[in-house]
Amino acid sequence: MKFIPTNFLSRKNDVNRPVSILAIALFSALGPYVFQVMPVYISAAATAFSLTESQVGRLAAADLFGILASSLLMRLIVQRINWRLILISASGVVVITNLFCVSTEAYGPLIVLRFGAGLGAGAVLSLVMASVGQTRQPDRNVAIAIATQVALASIGLVGLPYLIDVFGLSSVYLLFAILTVLPLPLVCQLPTSAGPKLSKQDRNQEESSPNAWLALIASSIFFLGQGAFWGYIGQVGASAGLSAAYVSKVLGLGAIVGFVSALLASWLGHRYGRIKPIGISSFAMCVAVLLLGGKPDEIMFLLACQVYLFFWHFSIAFQVGIIVTVDHAGKAAVSIPAFQAIGLASGPLIGSFIVGADNFSQLYSLILIAIVISFILFLIVVKRATPLKNGAVCR
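(A) Spatial organisation of the packing of aromatic side chains. Enumeration over the complete set of coordinates arrives at 14 aromatic pairs. The interplanar angle of 80° and the centroid separation of 5.8 Å between the aromatic rings of tyrosine 41 and tyrosine 173 together place this pair among those described as edge-to-face. Within this pair, whereas tyrosine 41 is found in helix 3 (residues 38–49), its partner tyrosine 173 is found in helix 8 (residues 170–181), the two being separated by 132 residues in sequence. The exposure classification of tyrosine 41 matches that of tyrosine 173, with both residues buried. Within the aromatic cluster, the residues linked to one another by ring pairs are Phe35, Phe229, Trp230, Tyr308 and Trp312.

See the structure below:
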């Protein structure tokens, strides 16, 4: 194939170039696009398959457990693989499984296929996060990736209900497949590998670093709350008597708000530290969850969602900045999607056991506890952190 350069999989590029940052942002947004539009997609699937509340939670968790499984595998083999080849292969898995979903009419096979799609998406996310870890400004570049995610999510959250009304649920799976293919021409702008192999001393240091593990656990607990919120917020709106169209518009606006917050995080960098923005975000998100108590009207639902989504996206870049900074041997970055996926998958799964008929009080308690514990753990990490060899500090 003459149109593909012979060194396509091996040519070295500077990952700090704008085109490489663009590639990171697009792969992070389009590979796992199902999560960006999960409330609308899950609500449509619940209607199409007549799912119970428990089945809704398990369907939401299927993709996320796939992401978890492949992310854990990536941690084991990241030093020995060609990243670009795996990105292409993993994207192919996402495309194929979504195409099979188009003709699936039963809940059981759909769960299996969604798990398979998650396997491909998890590999993509792992290598994208590992690529971010090789850049000079990981906080800023994660914020750019998040801004890209929420910008594209806003389009999907507003547009998908109309697409589903006209073409049905199968059109969503076709869209997922198409979007996965779009960033592939930029795969050559990403790193080819993990770089120089670590010395035995560095490997031992990383494996025994409790701070890096603690930071990853804090991130996982944070995302447990986010998975519970994101997996059920559509059902919360429906139980309050809000129309699907209104909920979709609120979440679409929330994605725009999240885009602004991610840009703000990118602009701030770590000039005011990382733990202070995380603390402010945690407090604001707790307030937003409390506003959802009972049966919120349109205004209260709108306000709660916008506050929550603004500070959710604002907080993530600073969390990743802490993880990368305490990661002395450079391997924790590839584990970020795995630990995030553990939380994201566990949130809706736990929710499926504690959510009653139109009663979300226990779900709200779960989200609040996750936010508070996560912040406390990040605070401990920062207090215990030591500077990296390059002088970077965590604060």
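Let's pick the thread back up.
(B) Representation of the packing of helix 7 (residues 138–167) against helix 8 within the structure. Where helix 7 meets helix 8, the closest approach of the two axes is 8 Å, and the angle between their N-to-C directions is 125°. Here helix 7 is positioned oblique relative to helix 8, judged by the angle of their axes. In contact with Leu160, Leu163, Ile164 and Phe167 of helix 7, helix 8 contributes Ser170, Ser171, Val172 and Leu175.

(C) Up close: the nonpolar core. Counting 130 residues, the largest nonpolar core has Tyr41, Phe229, Trp230, Ile233, Phe301, Tyr308 and Trp312 as its most contacted members. Once you skip the residues sitting within four places of it in the chain, tyrosine 41 turns out to touch Val34, Leu59, Arg114, Leu169, Val172 and Tyr173.

(D) Inspection of the side chain of threonine 180 at higher detail. Structurally, threonine 180 can be placed in helix 8. With a relative accessible area of 2%, threonine 180 lands in the buried category. There is a polar contact of 2.7 Å between the side chain of threonine 180 and the backbone oxygen of phenylalanine 176. Leave out the neighbours within four places in its chain, and threonine 180 touches Leu30, Gly31, Ser91, Val94 and Val95.

(E) Representation of the side chain of arginine 75 in the model. As for its position among the elements, arginine 75 is in helix 4 (residues 53–77). A polar contact of 2.5 Å, which involves the side chain of arginine 75, links it to the side chain of serine 335.

Rules of the game
Residues numbered from 1 in each chain as written. Predicted model: local features only at pLDDT ≥ 70, side-chain atom pairs only at ≥ 80, totals over all residues. Heavy atoms only, no water. Phe/Tyr/Trp six-rings, centres within 6.5 Å; stacked < 30°, edge-to-face > 60°. Helix = DSSP H or I, 4+ residues; strand = E, 2+ residues; numbered from the N terminus. Buried < 20%, exposed > 50% of the residue type's maximum accessible area, 1.4 Å probe, protein only. Axes fitted to C-alpha atoms, helices over the stretch in contact; angles between N-to-C directions. Parallel < 35°, antiparallel > 145°, perpendicular 65-115°, else oblique. Contact = heavy atoms within 4.5 Å. Core = buried A, V, L, I, M, F, W, Y, C linked by side-chain atoms within 4.5 Å. Polar contact = N/O pair within 3.5 Å; in protein donor to acceptor, adjacent residues only side chain to side chain.

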